[in-house]
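What follows is the residue order along each chain.
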Amino acid sequence: MNEQDHVTVNDPRAPVNNGNGHQYNLYGPGPDWMIRKGVTPLRIVREDRLRLADRFASPVGFRVAADRLEKPGSVVLLDAPPGSGRRAAAIMLLHRLGEDGNADEEDARFEELPATDKGEIPLAPREGDRFLLDLSGIADEEKYAEAQRRLAVYRSQIQEAGAHMVVVLSSGLEHAHAPDLAPHTVTLGRPRGIAVVTRYLRMDRMPFRPADLVNPDLQRLLDRSPMWELARLAGLVRAARDSRRYGADFAGWLDQAMHAVTDRAGEVGRQMTAVRSAPDRALLLATAVFEEARADTVYEAWHGLMKTVRHTEEETTELARTDFGERLATLGIERGPDGRLRFDRLAYADAVRTYFWANFPGVRDDLKDWIGHAAGLRDLTIDDRVNVVVRFGERSLAVGRPDHLFDLVAHWADRANRASCDPRALAALELGLSHERFGGWFRNRIYRCVTSGPLSDGLARVLTTACLQSVGTTHPEQALVRLHYLAVRKGAAADEAREALLDFAGRDRPLYRLLIDRLRERTRREPHRAEPQLRLLTELLRYDRAPDPPPWPDLFLGWETVFSQPPTELWNPLMSGWLNAAASDRSRGMALDVMVRATRGNATALHRLYALACGWAGRSRLPSQAAVAALFWHHIDHAQDARTETTEHAGAGPRITEETR
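Please read these numbers as outputs of a predicted model, since none were measured by experiment.

Digging into the pattern of salt bridges
Moving on, step 1. What the rule picks out here adds up to 43 salt bridges.
Moving on, step 2. In this structure, R342 engages D338 in a salt bridge whose closest nitrogen and oxygen atoms are separated by 3.4 Å.
Moving on, step 3. Here R342 falls in the buried class, since its relative accessible area comes to 11%.
Moving on, step 4. Judged by its relative accessible area of 39%, D338 is partly exposed.
Moving on, step 5. Residue D503 pairs with R507 through a salt bridge whose shortest N-O separation is 3.2 Å.
Moving on, step 6. For D503, a relative accessible area of 41% gives the class partly exposed.
Moving on, step 7. Each of E499, E539, R542, D544 and R545 takes part in salt bridges that share partners, so that together they form one network.

Here it is as structure tokens:
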């Protein structure tokens with residue numbers, strides 16, 4: 001996707017259709033930092049879609065696309081220029097399809113399909129499922145041709161299953177569109193800028209009148225700006241109001257926001273022309289990255305930055321130099337009554353960070369090393385630390401350096417306290433995973449980590465948490481694959497990954513089925529290394545892990561694998577749990593028949609089940625347990641009879657009878 005065509009949906013107060021105002025969810029300790037500035041997740045969960053629906057302004061052509069999408073098996077392609085809100089329109093087309101009752105919101109999937117990176121698991125759409133395929137970020141003709149070949153496969157599967165799909169086409173490669181796409185393509189226009197801004201201001205409960213928006217400068221922005229810039233404008237109006245530093249009326253807040261959108265880059269450039277000394281420039285950058293931190297902390301970060309870039313201190317004592325307060329005032333940096341530093345102009349820190357990463361590429365490696373240390377300064381709160389991580393991460397991704405962000409993930413995670421998940425590492429990783437351009441890069445990087453070489457417990461914990469909370473929301477099947485690899489490793493972190501995997505799969509019937517199939521396949525394919533897979537499968541098949549109601553066909557296949565090979569000591573807790581469940585809940589009684597059938601009449605397995613059931617029944621005198629044991633033995637006898645008839649008594653093995661019982 002074009003970097004200037006993002007959709008902002010996660011903050012209930014953020015601007016509309018789309019915007020590089022950058023909003024994303026971070027999951028981790030503490031509620032205050034779970035919503036941060038960032039880029040849109042690859043999959044939009046229902047709560048976020050509802051927020052977007054409240055703020056969405058329909059573009060020209062939206063109704064035509066909606067009408068075409070209603071038919072089961074339909075695929076609609078959107079052709080629209082960058083900045084027109086095309087991704088938001090695609091999301092809303094699919095969302096409103098479900099809200100209109102054409103899809104079951106509880107059962108139908110709403111997922112984004114990979115545009116360039118290949119998923120590990122094939123697509124298996126069902127009727128009513130909804131899919132988004134965003135090709136707008138592909139600029140290379142060869143990759144676009146490959147994506148269109150994948151689109152053709154998707155279209156066939158969607159049509160056959162009766163699902164629905166919306167595709168956002170690349171706006172710069174119209175000449176490369178396959179001819180058969182034309183009948184399915186709808187051209188979208190640009191939403192009215194005034195409608196976009198008005199909706200967001202109203203959702204922010206902004207006290208304004210329509211006359212307050214009659215402004216020639218604002219009108220030029222509304223008429224010409226891409227949606228992301230209008231989104232940012234509305235967000236900055238809210239930020240000006242919430243800061244309580246820019247007056248108490250809407251006119252003042254709007255004025256500050258418009259200056260921030262139109263003037264900040266030029267103002268920073270002029271300041272950099274005037275400020276030539278390394279210490280002053282370093283202080284500007286340190287304040288921009290650590291804005292709202294305490295002055296002493298910024299001071300320490302500032303000196304750490306100068307050391308990292310190898311600036312030599314003056315030989316005079318500090319008392320003979322310009323004092324810290326004077327430097328701050330000269331640079332337009334305020335020290336508030338709370339002792340925290342901030343720039344005196346709205347959104348100036350954003351512009352300073354953008355300037356440094358764009359114009360000093362030679363120091364980016366040094367900046368990574370600096371952040372690696374400075375984000376751990378002792379007086380920083382968790383909120384401060386995550387702010388620093390987010391600000392560094394945004395800039396690194398903007399200049400195409402996702403490796404810098406992942407390097408810090410590993411650096412912080414490897415040094416985490418025992419049994420803890422470093423919030424800085426988690427915030428950095430989830431920022432990368434939520435990025436529209438580099439989300440696939442981070443998912444692939446996690447895959448390489450979990451499938452090769454050793455991992456520290458700290459990094460394994462961060463990867464587990466990110467898979468569970470971030471990848472699990474956007475790409476659940478890919479999350480399951482990565483959690484599986486983490487779960488079969490050794491160590492305390494692997495135990496935590498195993499628990500996370502079992503819980504994750506147990507919440508979703510298709511994922512539960514997928515994990516059973518995956519474990520069975522691994523057990524067959526690698527018999528010499530089957531035991532970890534078999535133990536994991538046995539845990540998954542426990543009565544308290546299975547979805548409700550139990551998926552008996554899936555359980556049959558899983559039990560079939562478990563009962564076909566050692567170690568048989570795994571059977572006892574598995575069987576005891578299901579026998580207890582059958583004794584207390586008659587709806588679980590089918591487990592008795594299914595378990596016996598899963599032995600496929602194997603005499604040794606049947607004898608083992610019989611012995612375990614005898615031991616279980618002997619531990620209790622309750623009538624319900626005796627009845628369950630008797631029924632279980634009946635199923636075993638029936639299986640023996642069927643086996644004897646099939647083999648015509650040849651090699652049938654010892655028979656369990658009333659006498660042997």
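Concerning the environment of L612
Moving on, step 1. Counting through the fold element by element, L612 comes out in helix α26 (residues 603–618).
Moving on, step 2. Residue classification places L612 among the buried positions, given a relative accessible area of 11%.
Moving on, step 3. Separated by 40 residues in sequence, L612 and N572 have C-alpha atoms that sit 6.5 Å apart.
Moving on, step 4. Beyond its immediate chain neighbours, meaning those up to four positions away, L612 contacts W571, N572 and M575.

Some details on the environment of A617
Moving on, step 1. Examined against the element boundaries, A617 turns out to sit in helix α26.
Moving on, step 2. For the pair A617 and V628, spaced 11 residues apart in sequence, the C-alpha separation works out to 8.5 Å.

Structural notes on the sheet that holds strand β5 (residues 130–134)
Moving on, step 1. What the five strands build is an open sheet, ordered β4-β5-β6-β3-β7; its pairing is parallel. The sheet is open, and its two edges are formed by β4 (110–112) and β7 (185–187), each paired on a single side. Here the average twist between neighbouring strands, direction ignored, is 20°.
Moving on, step 2. Summarising the sheet, β5 and strand β6 (residues 164–168) pair through five bridges and their orientation is parallel. Considered in β6, the bridge of F131 is made with M165.

Conventions used here
Residues numbered from 1 in each chain as written. Predicted model: local features only at pLDDT ≥ 70, side-chain atom pairs only at ≥ 80, totals over all residues. Heavy atoms only, no water. Salt bridge = Lys/Arg side-chain N within 4 Å of Asp/Glu carboxyl O. Buried < 20%, exposed > 50% of the residue type's maximum accessible area, 1.4 Å probe, protein only. Helix = DSSP H or I, 4+ residues; strand = E, 2+ residues; numbered from the N terminus. Contact = heavy atoms within 4.5 Å. Pairing = 2+ DSSP bridges. Axes fitted to C-alpha atoms, helices over the stretch in contact; angles between N-to-C directions.

Fair warning: the whole summary comes from geometry, so function is off the table for now.
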